[in-house]
Structure formats: C-alpha cells, structure tokens
Amino acid sequence: MPIVVMGVAGTGKSTVGQLIAGALSVPFTDGDDLHGARNIAKMSGGQALTDEDRRPWLRRVALELRSQGGVVACSALRRSYREAIRELVPNTVFVHLVGDPATIQTRLSARPAHFMAPGMLTSQLSILEPLEADEAGIELDIRATPEAIVRTAVDAYHARLAAR
Ligand SMILES: Nc1ncnc2c1ncn2[C@@H]1O[C@H](COP(=O)(O)OP(=O)(O)OP(=O)(O)O)[C@@H](O)[C@H]1O
Ligand SMILES: [Mg+2]
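Residues numbered from 1 in each chain as written. Chains lettered and ligands numbered in written order. Predicted model: local features only at pLDDT ≥ 70, side-chain atom pairs only at ≥ 80, totals over all residues. Heavy atoms only, no water.

Enquirer: Provide a residue-level description of the nonpolar core, including the pertinent values.
Expert: Among the nonpolar cores identified, the biggest contains 41 residues, and Ile 3, Val 4, Ile 20, Cys 74, Ile 85 and Leu 97 are the most heavily contacted of them. Excluding its chain neighbours within four sequence positions, the residues that come into contact with Val 4 are Leu 65, Val 72, Cys 74, Ala 76, Ile 85, Thr 92, Val 93, Phe 94 and Val 95. (Core = buried A, V, L, I, M, F, W, Y, C linked by side-chain atoms within 4.5 Å. Buried < 20%, exposed > 50% of the residue type's maximum accessible area, 1.4 Å probe, protein only. Contact = heavy atoms within 4.5 Å.)

Okay, structure coming up:
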C-alpha cells in the first residue's frame, strides 16, 4: 500500500515521510521535488498555487507513487487533490500530520532556507480539508517526536495490512 504523508507546510512531511520509508524499507519521494519551475517560482514569490498549477504536479506525484510505491511527502490539502492521487493509485493511504498554527510557525521559522515563503502557512491552513471518514488514512499530532510519530504510523500501517 503506497503512503502519502500529507499536511500543511512545516508539519514534518519530509522529515517523517523519510523515516517511515526507512522503517518500512521502501522508496521515499519528496513531492516538492516534483514541482515544475513555474510553481517553484510562484511559491518563492509568496504566491499561492492555484488548483490549475497543482494539477500537473499531483499527476506527477501519483505517477511516481504508482511506479515507485513506497512513501511520498505531499501536502494533499484538499480532498480533490487526494482524489487526483487515488484516481491513479486507488489503494493509497494518507498519513495526515496535524498541528496548531503556532507550533508549525515556530518550526518553519527555525528551519534553514527553503523555497516556502512565510505567508504560505495561512493560505495553506485556509484551504486544508482534513481526511473524511471514508478516506483511508490516519491523523497524527505533530507535538510527538518524529520517532514516536513514525512508530504510530508504522503500527497503523501494519494493522491495516493485516486487516485486508
Ligand atoms: N515531530 C517533530 N518534532 C519536532 N520538530 C520537527 C518534527 N517534525 C519536523 N520537525 C522539524 O520541523 C521543520 C519542518 O519539518 P519538515 O521540513 O519535514 O516539514 P514539511 O512538512 O516537509 O514542510 P514543507 O511543506 O515546507 O516541505 C524541520 O526543521 C524539522 O526538522
Ligand atoms: Mg517538505
């Protein structure tokens, strides 16, 4: 079962995603690396991406997940973005990293240079649509250590596999 680690900027998708992939011995891909130059330029300029900007990116994310399997870090903020991934990779499970804005902002500010502009957090939180009951996945609190988050995610993953 392919895994997408989702959530707004600074919730730890890259950090936790990499660790989950390591724990499961599967490939890891950072969705940020699949953005086209235009999207990166827009985000660096502090502009929010439109759904149209996101469409080719989500397709690349889904194709990567389908060919490589494993774990992809991808914000997947809206249900429609997750549908775009599930359309190509129906058995995808989502790990949503959830935190309060203050904690996230502190972590974003402490982080070394990155193409995400500061105002992006507010815009991302405003479009976030959490997982709904019929979507395969779990929500994990980012106040836990990365190691604890990974342990919970891996346990949930194995439980889901066993239940199939
Ligand atoms: N559970 C955690 N506890 C403490 N610090 C964390 C935790 N998870 C991540 N961090 C730190 O918070 C910062 C943001 O994490 P990370 O870059 O992985 O987030 P991200 O969701 O990938 O962000 P982006 O969407 O901008 O790529 C990093 O400096 C990381 O080391
Ligand atoms: Mg990241």
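Enquirer: Describe the layout of surface pockets, naming the residues involved and giving the relevant values.
Expert: Its volume calculated, the largest pocket comes out at about 510 Å³. Elements with a minimum of two residues in the lining of the largest pocket: helix H1 (13-24), helix H3 (51-68), helix H5 (101-110), helix H6 (120-127) and helix H7 (146-163). A per-element tally of the lining of the largest pocket places H1 first, with four residues. In the lining of the largest pocket, the residues fall into 16 nonpolar, 13 polar and six charged. In this structure, the second largest pocket encloses a volume near 220 Å³. Taken together, Asp 51, Arg 54, Arg 55, Leu 58, Arg 59, Ser 80, Tyr 81, Ala 84, Glu 87 and Leu 88 make up the lining of the second largest pocket. Here the lining of the second largest pocket is composed, by residue class, of four nonpolar, one polar and five charged. (1 Å grid on protein atoms, 1.4 Å probe; cavity = no way out; pocket = protein on both sides within 12 Å on 5 of 7 lines; lining within 4 Å. Points joined across faces, edges and corners; volume = space filled by probe spheres on them. Helix = DSSP H or I, 4+ residues; strand = E, 2+ residues; numbered from the N terminus. Nonpolar A, V, L, I, M, F, W, Y, C, P; charged D, E, K, R; others polar.)

Enquirer: I'd like to hear about the side chain of Arg 79, residue by residue, with values.
Expert: Structurally, Arg 79 is set in helix H4 (residues 79-88). Sequence-distant contacts of Arg 79, that is, excluding residues within four places in its chain, are made with Arg 86, Glu 129, Glu 132, Asp 134 and Glu 135.

Enquirer: I'd like to hear about the site of ligand 1, residue by residue, with values.
Expert: Taken together, 17 residues surround ligand 1, and among them Lys 13, Ser 14, Thr 15, Arg 111 and Ala 144 come closest. In the model, an oxygen atom of ligand 1 is placed 3.0 Å from a nitrogen or oxygen of the Gly 12 main chain. In the model, a nitrogen atom of ligand 1 is placed 3.5 Å from a nitrogen or oxygen of the Pro 146 main chain. Its atoms largely coinciding with the cavity grid, ligand 1 occupies the largest pocket. Counting residues per element, the ones that place at least two in the shell around ligand 1 are H1 and H7. With three residues, the top contributor of residues to the shell around ligand 1 is H1. Partitioning the shell around ligand 1 into residue classes produces six nonpolar, seven polar and four charged. (Near = heavy atom within 4 Å. Polar contact = N/O pair within 3.5 Å; in protein donor to acceptor, adjacent residues only side chain to side chain. Sits in = over half its atoms within 2 Å of the grid points.)

Just distances and angles here, no functional claims.
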